[in-house]
Amino acid sequence: MIDRSGLAEFLRLRRESLQPEDVGLPHGPRRRTRGLRREEVAVLCHMSTDYYARLEQERGPQPSEQMVASIAQGLHLTLEERDHLFRLAGHRAPLRGAESHHVGPGMLRIFDRLVDTAAEIVTELGESLRQTPLSVALVGDLSQRVGPARSIGYRWFTEPAARDLHPPEDHDFYSRMYVSGLREIATLRGPGSRAQQMVDLLSDSNEEFRALWSEHQVGIRPRSVKRYQHPTVGLLELNCHTLLDPEQSHMLLVYTAAPGSDSYERLQLLSVVGAGG
């Protein structure tokens, strides 16, 4: 059963405890409200202000699990707070660890400050959970992907367009790297895991994947410099810096170019022209 009064109180107190700069928003002048405004939280949670306001006023329908997850992420809740929110809303708390798509507040605080940088937060299966605008301009908007296609490794073997962003001479390395990484994760997570389900899907449908899987290679790691053949600005050679959240198995990937290099100038141009350039 939903605990309407408990839910309303918890949402209000969490909203009032956050400042705009905590969630990547400008502070702005003349703030009369302690913490965030309801309309700001609604934007962060991808819902209408009226819907969110009714929850704080103990009104409206019981929020769905998807809505609760969106609120937990928008309010930058910890895992403990997220689980509490689900229970207040009358739902079972979701799984933790590698199966979870809830990004921890510490990683989100760092991500929110990278607005002018190409960065994304991904799962261990290469599913993009958050992208900065420059990341969208670099690799496209991955937020609308669903199912196995959320994973870059899965798309690499099922969608020819996934390879267009990398020079052809790098393709064999990426194929081997994705197979090696998936094998390690499937072995770690075991039968029934999403990683093993992805192995089964690719083994059934892709000859290249089957051939590489049979070689049983492991330990192939991403190169320190990734090359992107962007359709608008040309070849980019970018350093990839990684921050790991071991509790959730999420990674924050930050892409930079050496100052003064051609790639640096092209990345700056990409930040201006954006995804539509």
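All values reported here derive from a predicted model rather than from experimental measurement.

With that settled, consider the nonpolar core. If you look at the biggest cluster of nonpolar residues, it comprises 23 residues, and the most contacted ones within it are Leu11, Met47, Ile71, Leu75 and Leu85. When residues of this core are assigned to their parent elements, the largest contribution, four residues, is made by helix α2 (residues 38-45). Excluding residues that lie within four positions of it along the chain, leucine 75 makes contacts with Leu11, Arg14, Arg15, Leu18 and Val41. Membership of the second largest hydrophobic core comes to 20 residues, among which are Ala186, Leu202, Phe209 and Ile220.

Backbone hydrogen bonds hold the strands of a sheet together, and the pairing may be parallel or antiparallel. Judged by pairing direction, the sheet is antiparallel, and its five strands sit side by side in the order β2-β1-β5-β4-β3 without closing on themselves. Edge positions in the open sheet fall to β2 (128-131) and β3 (225-230), since each of these has one partner strand only. Taken pair by pair, the neighbouring strands of this sheet meet at an average axis angle of 30°, ignoring direction. Bridge analysis of strand β1 (residues 118-122) against β2 gives three bridges, and the strand direction is antiparallel. Paired with valine 122 across the strands is serine 128, a residue of β2.

Conventions used here
Per chain, residue numbering runs from 1 following the sequence as it is written. Whole-chain, interface and lining totals are the exception, using all residues; otherwise, since this is a predicted model, local features are given only for residues with pLDDT of at least 70 and side-chain atom pairs are given and counted only at 80 or more. Heavy atoms from the whole structure form the basis of all side-chain values; hydrogens and water molecules are not counted. Remark: nonpolar core denotes a set of buried residues (Ala, Val, Leu, Ile, Met, Phe, Trp, Tyr, Cys) joined through side-chain atoms within 4.5 Å. Exposed residues in this analysis have more than 50% of their type's maximum accessible area, buried residues have under 20%, and partly exposed residues fall in between, with area computed by a 1.4 Å probe over protein chains only. In this description a helix means any DSSP run of H or I spanning at least four residues, a strand means any run of E spanning at least two, and both kinds are numbered starting from the N terminus. Contacts are residue-level and defined by heavy atoms, with any inter-residue pair within 4.5 Å sufficient. Strand pairing is defined by DSSP finding a minimum of two bridges between the two strands. Comment: axis = line fitted to C-alpha atoms, over the contacting stretch for helices; angle = value between 0 and 180 degrees taken between N-to-C directions.

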